[in-house]
Amino acid sequence: MKLSPSDVDVESRITGDPELFLDPWDVLDPGEAVPPIELAQLEASGAAHEAALTELEGISARARMLVADEYAGIADILRDAAECPDPWVGPDPTLDPAWVDPQGRSAAAVRAERRNIAVRAATLDLAVRLGMSEMMVSTRAAHADTLRERCPNIWEAFRAGRVPAQNATAAAQQAGTLPARDREAWAKFDELLEGSAQALTPGKFRTRARVVRERVHPEHIDERHTRAMDDRNVWFQAEADGMASLTVFGPADKVLATYRHADAHARHLRAHDGEERTLAQLRADIVLDVLAAGAAGAAQAAGSGTWRSRASVAITVPVMTLLGQGDEPATLDGYGPIDTETARRLAGEASSWVRILTHPVTGTVLDVDRTTYRVPKALRRWLGVRDQVCTGPGCTRSARDCDIDHRFDWQFGGKTADTNLSPLCERHHVIKTKSKWVLYRDETTGAKWWVSPTALTVPVDPPPF
């Protein structure tokens, strides 16, 4: 028969201080069954909360260990690809005594290229298998190598599940900027951050890691700033609902001055009667307006009087939407679907139009003579509409920024025809040309797919828009 706590005569079996608290199972005789506890009683006692927390902590530690194992596994595979490129790029031609490079390169240069291409091909294979971007695969491998070499204590704690992945990443990012051969700086960085990596939240640890890096770095900040200036850049990122982000990486004083300039103008405008935009909205409007009008102002200041932008955007608008008789969204090249009002505004400002229906209009060349390698403009335009982005696995580079690749090489009999052409970004063009990744096409259905050096079949993604 099952016992419940109410069945146990606790008072008659307690000796000593009557105020002492005892759980019912603390006063059981040897071999006596532990009384079952109702869920409500467990929740009331707080034990369920404690048990859930303990279990969650264990799950978190195991998850960290798995992430660390993934980092290590990715790094090992890419390192192996560099050490043994043959499975990824084929046999080494430099081993043939009669070999002569058509481009006049040395054997060492060719072998270095083979290692580079092998790592690229392996990175793409891992990206597809793991559902990551190639950048993420490369970054995780680099972080694993950096932590193993420069921060062994943090790395071991990460592998043991004591360091969050965000903190391991922050440590790797900062350690990776230390001088390449300064082992003393590496060791000091690792020593000072080992405890913080396990104790601090990611936000606080990022600040701590940056401060420690500044403290242990042997070079003066002036030298580092001069070198960092070479990395200044601007990134475009498509966002949801017809929006996008523009990120600027540059000298701190100029970036801060730009922000404060925009903020000051925004606060000035916000004080005007009838202004309904928020400060955040005003800052965004001011920065974009200044960037758009800056070249015009510079040209007028130089005395030219007029200015015409050389930059351009391309949109594809269904004709019925343009006429107000349909609601199918227009597509902004390099971004995706945009709202109807923006599409009509851009259409009204367009300096030229190209008519493209669901299939190219009569007169658009889809095939040219075998003696022609160069892709005609009309055919290139059609390929950009048909494919929209690079046909490399997982790639989102706009077709207008890609090479137009002959799937079956032109020098081996491939045609300059839409059935044999696809846009490929520089990275995937090189992988297709120089590694064992192969792009196939079903001549009946037009379906295309990739096969990796590890025999992984990857269908070409349909156009995203």
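Refer to the preceding data block for the structure.
Residues numbered from 1 in each chain as written. Predicted model: local features only at pLDDT ≥ 70, side-chain atom pairs only at ≥ 80, totals over all residues. Heavy atoms only, no water.

Engineer: So, the overall build of the protein chain: which residues are in play, and what are the values?
Structural biologist: Secondary structure assignment for the protein chain yields 16 helices and 10 strands. Within the protein chain, residue pairs in contact and separated by at least 24 positions form 54% of the contacts whose partners lie at least 6 positions apart. (Helix = DSSP H or I, 4+ residues; strand = E, 2+ residues; numbered from the N terminus. Contact = heavy atoms within 4.5 Å.)

Engineer: Explain the pairing of strand β9 (residues 448-451) to me, and be specific about the residues and the numbers.
Structural biologist: Across 4 bridges, the pairing between strand β8 (residues 438-441) and β9 is antiparallel. Bridging from a neighbouring strand, L439 pairs with W450 of β9. Connecting the antiparallel pair β8 and β9 is a turn made up of 6 residues, with G446 showing a positive phi of about 85°. By the bridge criterion, 3 bridges tie β9 to strand β10 (residues 457-459) in an arrangement that is antiparallel. Directly across from W449, in β10, lies its bridge partner P459. Between the antiparallel neighbours β9 and β10 lie 5 residues, among them A455 with a positive phi of about 70°. (Pairing = 2+ DSSP bridges.)

Engineer: Account for the pattern of salt bridges, with residues named and values stated.
Structural biologist: Tallying each qualifying case throughout the model produces 24 salt bridges. A salt bridge links D285 to R277, with the nearest nitrogen and oxygen atoms 2.9 Å apart. Ionic contacts of the salt-bridge type, sharing partners, join the residues D76, R79, D145 and R148 into one network. (Salt bridge = Lys/Arg side-chain N within 4 Å of Asp/Glu carboxyl O.)

Engineer: Lay out the nonpolar core in plain terms, naming residues and giving numbers.
Structural biologist: In this structure, L147, F158 and F189 are the most contacted members of the largest nonpolar core, which totals 53 residues. For F189, the contacting residues outside a window of four places in its chain are C151, A171, Q174, A175, L178, A209, V212, R213 and V216. Counting residues in hydrophobic clusters, the runner-up holds 6 residues, among them L379, W382, L383 and I404. (Core = buried A, V, L, I, M, F, W, Y, C linked by side-chain atoms within 4.5 Å. Buried < 20%, exposed > 50% of the residue type's maximum accessible area, 1.4 Å probe, protein only.)

Engineer: Go over the sheet that holds β9, please, and point to the residues and values.
Structural biologist: The sheet built from 3 strands is open, its strands ordered β8-β9-β10 with antiparallel pairing. Each edge of the open sheet carries a strand with a single partner, namely β8 and β10. The mean angle between the axes of side-by-side strands here comes to 30°, regardless of whether they run parallel or antiparallel. (Axes fitted to C-alpha atoms, helices over the stretch in contact; angles between N-to-C directions.)

Engineer: Before we move on, could you go through helix α6 (residues 152-159) and cite the residues and values that matter?
Structural biologist: Those residues of α6 that fall on the buried side of the exposure criterion are I154, W155, A157 and F158. When α6 is viewed along its axis, its buried side chains cluster within an angular range of 165° and face the same direction. Where α6 is buried, its residues meet α2 (47-83), α5 (134-150), α7 (165-175) and α8 (183-199). Trailing α6 by a residue or two, G161 shows a phi angle of about 85°, which is positive. (Arc of directions from axis to C-beta.)

Engineer: For the packing of aromatic side chains, give the residues involved together with the corresponding values.
Structural biologist: All told, the structure shown has 5 aromatic pairs when counted by the stated rule. Seen in terms of ring centroids, Y71 and F158 are 5.6 Å apart; in terms of plane orientation they differ by 90°. Their pairing is edge-to-face. Taken together, the positions of Y71 in helix α2 and F158 in helix α6 put the pair 87 residues apart, joining distant regions of the chain. You'll find Y71 and F158 in the same group, each marked buried. Among the aromatic residues, those joined into a ring-pair cluster are Y71, W155 and F158. (Phe/Tyr/Trp six-rings, centres within 6.5 Å; stacked < 30°, edge-to-face > 60°.)

Engineer: Help me get a handle on the environment of G394, residues and values and all.
Structural biologist: Inspection of the secondary structure puts G394 in the loop between α15 (377-387) and β6 (403-406). Overall, G394 belongs to the exposed group, its relative accessible area being 58%. On a C-alpha basis, the gap between G394 and A127 in space is 8.4 Å, while along the polypeptide they are 267 residues apart.

Engineer: Could you give an account of unusual backbone geometry, naming the residues involved and the relevant values?
Structural biologist: In this model, D241 sits at a positive phi of 60°, which is unusual for a non-glycine residue. Among the structural elements, D241 can be located in the loop between β1 (233-238) and β2 (244-249). Despite not being glycine, A455 has its phi angle at roughly 70°, a positive value. Residue classification places A455 among the exposed residues on the basis of a relative accessible area of 61%.

Engineer: Would you mind going over the side chain of R407 in detail, with residue names and values included?
Structural biologist: As for its placement among the helices and strands, R407 is situated in the loop between β6 and β7 (421-424). A relative accessible area of 18% means that R407 is categorised as buried. Side-chain polar atoms of R407 contact the side chain of E443, separated by 3.1 Å. (Polar contact = N/O pair within 3.5 Å; in protein donor to acceptor, adjacent residues only side chain to side chain.)

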